Amino acid sequence: MMAYIIGAMTSMEIEKVPSEPKSAIGFFPSKPQFEPLKPHEMSEGKIQFRKVAVPAHRFSPLKKAWMDLYTPIYEQMKIDVRMNLKARKVELKTRTDTPDVSNLQKCADFVHAFMLGFEVIDAIALLRMDELYVDSFEIKDVKTLRGEHLSRAIGRLSGKGGKTRFAIENSTRTRIVVADTRIHILGSFANIKVARDALCSLIMGSPAGKVYSKLRAVSARLAERF
């Protein structure tokens, strides 16, 4: 009986199980590789436009600084730009070789910042960095002032020879433009908030020395974060 069982076991074919399962590559197709869409393909081949209005008082500065605006927009950002004299607007549009579709909005913000009164060398930072913004507000949004009170508030914002404005700019790493009763601030979100608080304190009547001391404390805290 024992010999019969041993003979049956030797005559049986034992199926060998592979130690490693077969690769799934042989059963499923490989992962498809798609090339990234180009900007003009993302908009179904349609050209995108932006228009920036030119105020009357910025027309002459625009003529003088046109090449400084045109060169980075056309050569570096690959965006077509022209001046529409009839409509008095700067027109921007994408090209087939535009590397990024967001370049159009960056260029529009760059031109708009120049129209607000910022220098080209300051406004061009909007093209280089992503986390920069322009914030605008009016003096009457902070406090209702008329006549000489309004004039004195504007004088406190600038200071003698622009000393106060320069101090706020340097301590908060922003750029400030005081255009009559409107104030424009260019910088990052956190720095704009600090500069706006300092300007609001000056509008409310705080002396410049008190604002300086508060700026030193706040700018020291900002420096610790980085």
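Up top is the structure.
Within every chain, residues take consecutive numbers counted from 1 along the sequence as written. With pLDDT at 70 or above as the cut-off, local features in this predicted model cover only qualifying residues; side-chain atom pairs require 80 or more to be listed or tallied, and sums for whole chains, interfaces and linings still use all residues. The basis for the side-chain values is all heavy atoms of the structure; hydrogens and waters are excluded.

### Examining the packing of aromatic side chains
Piece 1. Paired rings are identified among Phe, Tyr and Trp, the last through its six-membered ring, by centres lying within 6.5 Å, and are further divided according to the angle between planes into stacked (under 30 degrees), edge-to-face (over 60) and tilted (the rest). With the rule as written, the count across this model stands at two aromatic pairs.
Piece 2. Both rings, one in Tyr-70 and one in Tyr-74, keep their centres 5.3 Å apart while their planes meet at 10°; by these two values the pair is stacked. Pair noted here: Tyr-70 and Tyr-74 are both in helix 4 (residues 66-76), with a separation of four residues, about one helical turn.
Piece 3. We call a residue buried when its accessible area falls under 20% of the maximum for its residue type, exposed when it is over 50%, and partly exposed in between, using a 1.4 Å probe and counting protein chains only. The exposure class assigned to Tyr-70 is partly exposed, which follows from its relative accessible area of 25%.
Piece 4. Of the aromatic side chains, those joined through ring pairs into one cluster are Trp-66, Tyr-70 and Tyr-74.
Piece 5. As a reminder, the over-ring test applies to NZ of lysine and CZ of arginine, requiring each to be within 6 Å of the ring centre and within 35 degrees of the ring normal. Between Arg-88 and the ring centre of Phe-59, over which it is positioned, the NZ or CZ distance is 4.3 Å.
Piece 6. Over the aromatic face of Tyr-74 sits the side chain of Arg-95, whose NZ or CZ is 4.5 Å from the ring centroid. Secondary structure elements are taken from DSSP: a helix is a run of H or I of four residues or more, a strand is a run of E of two residues or more, and numbering for both begins at the N terminus.

### Notes on the layout of surface pockets
Piece 1. Considering only enclosed or pocket space, the largest pocket measures out at about 240 Å³ in volume.
Piece 2. Taken together, 13 residues make up the lining of the largest pocket; nearest its centre are Lys-193, Val-194, Asp-197, Val-218 and Arg-221.
Piece 3. Mapped by element, the contributors of at least two residues to the lining of the largest pocket are helix 11 (189-204) and helix 12 (208-225).
Piece 4. The element contributing the most residues to the lining of the largest pocket is helix 12, with seven residues.
Piece 5. Residues are grouped as follows: Ala, Val, Leu, Ile, Met, Phe, Trp, Tyr, Cys and Pro are nonpolar; Asp, Glu, Lys and Arg are charged; every other residue, Gly included, is polar. Here the lining of the largest pocket is built from residues that sort into seven nonpolar, one polar and five charged.
Piece 6. For each structure, a 1 Å grid was placed over the protein atoms alone; sets of points admitting a 1.4 Å probe that cannot get out are labelled cavities, open sets with protein on both sides within 12 Å along at least five of seven lines are labelled pockets, and lining residues have an atom within 4 Å of a point. What lines the second largest pocket is Ser-102, Gln-105, Lys-106, Asp-109, His-112, Leu-126, Met-129, Asp-130, Leu-132, Tyr-133 and Val-134. Grid points are joined across faces, edges and corners, and a volume is the space filled by probe spheres set on the points.

### Let's talk about empty space enclosed by the protein
Piece 1. Under the counting rule described, the total for this entry stands at one cavity of 30 Å³ or more.
Piece 2. Computed from the structure, the largest cavity encloses a volume of approximately 30 Å³.
Piece 3. Forming the boundary of the largest cavity are Leu-62, Trp-66, Leu-69, Tyr-70, Ile-73, Val-81, Val-90 and Val-111.
Piece 4. Sort the elements by how many residues they give to the lining of the largest cavity and helix 4 lands first, with four residues.
Piece 5. A class-by-class count of the residues in the lining of the largest cavity yields eight nonpolar, no polar and no charged.

### Observations concerning the side chain of His-184
Piece 1. With respect to the helices and strands, His-184 occurs in strand 6 (residues 182-187).
Piece 2. A residue is classified by how much of its surface remains accessible, and His-184, at 4% relative accessible area, is buried.
Piece 3. Counting of polar contacts relies on pairs of N or O atoms within 3.5 Å, with two restrictions inside protein: one atom must be capable of donating a hydrogen and the other of accepting it, and residues adjacent in sequence are counted only when both atoms are side-chain atoms. Side chain to side chain, His-184 and Ser-136 meet in a polar contact 2.7 Å long.

### Details of the sheet that holds strand 5 (residues 175-179)
Piece 1. Two strands are said to pair when DSSP picks up at least two bridges between them. Strand order in the open sheet made by the three strands is 4-6-5, with antiparallel pairing throughout. Looking at which strands have only one partner, the edges of the open sheet turn out to be strand 4 (133-138) and strand 5. When the angles between neighbouring strand axes are averaged without regard to direction, this sheet yields 15°.
Piece 2. Inspection of the sheet shows strand 5 paired to strand 6 by five bridges, in the antiparallel sense. By the bridge assignment for strand 6, Ala-179 is matched with Arg-182.
Piece 3. Strands strand 4, strand 5 and strand 6 of the sheet are contacted by helix 11, whose axis makes an angle of about 150° with strand 6. Helix axes are fitted to C-alpha atoms over the stretch in contact, other axes to C-alpha atoms as well, and angles between N-to-C directions run from 0 to 180 degrees. Whether two residues are in contact is decided by their heavy atoms: any pair within 4.5 Å suffices.

### Some thoughts on the environment of Leu-62
Piece 1. The residue Leu-62 is located in helix 3 (residues 59-64) in this model.
Piece 2. Looking at Leu-62, the relative accessible area reads 3%, which means it is buried.
Piece 3. Each C-alpha atom, one on Leu-62 and one on Phe-114, is 8.3 Å from the other, the two residues being 52 residues apart in sequence.
Piece 4. The residues touching Leu-62, leaving out its near neighbours within four places in the chain, are Val-54, Leu-69, Met-83, Val-90, Phe-114 and Met-115.

So, to be careful, I would describe these as geometric facts and stop short of saying anything about function.
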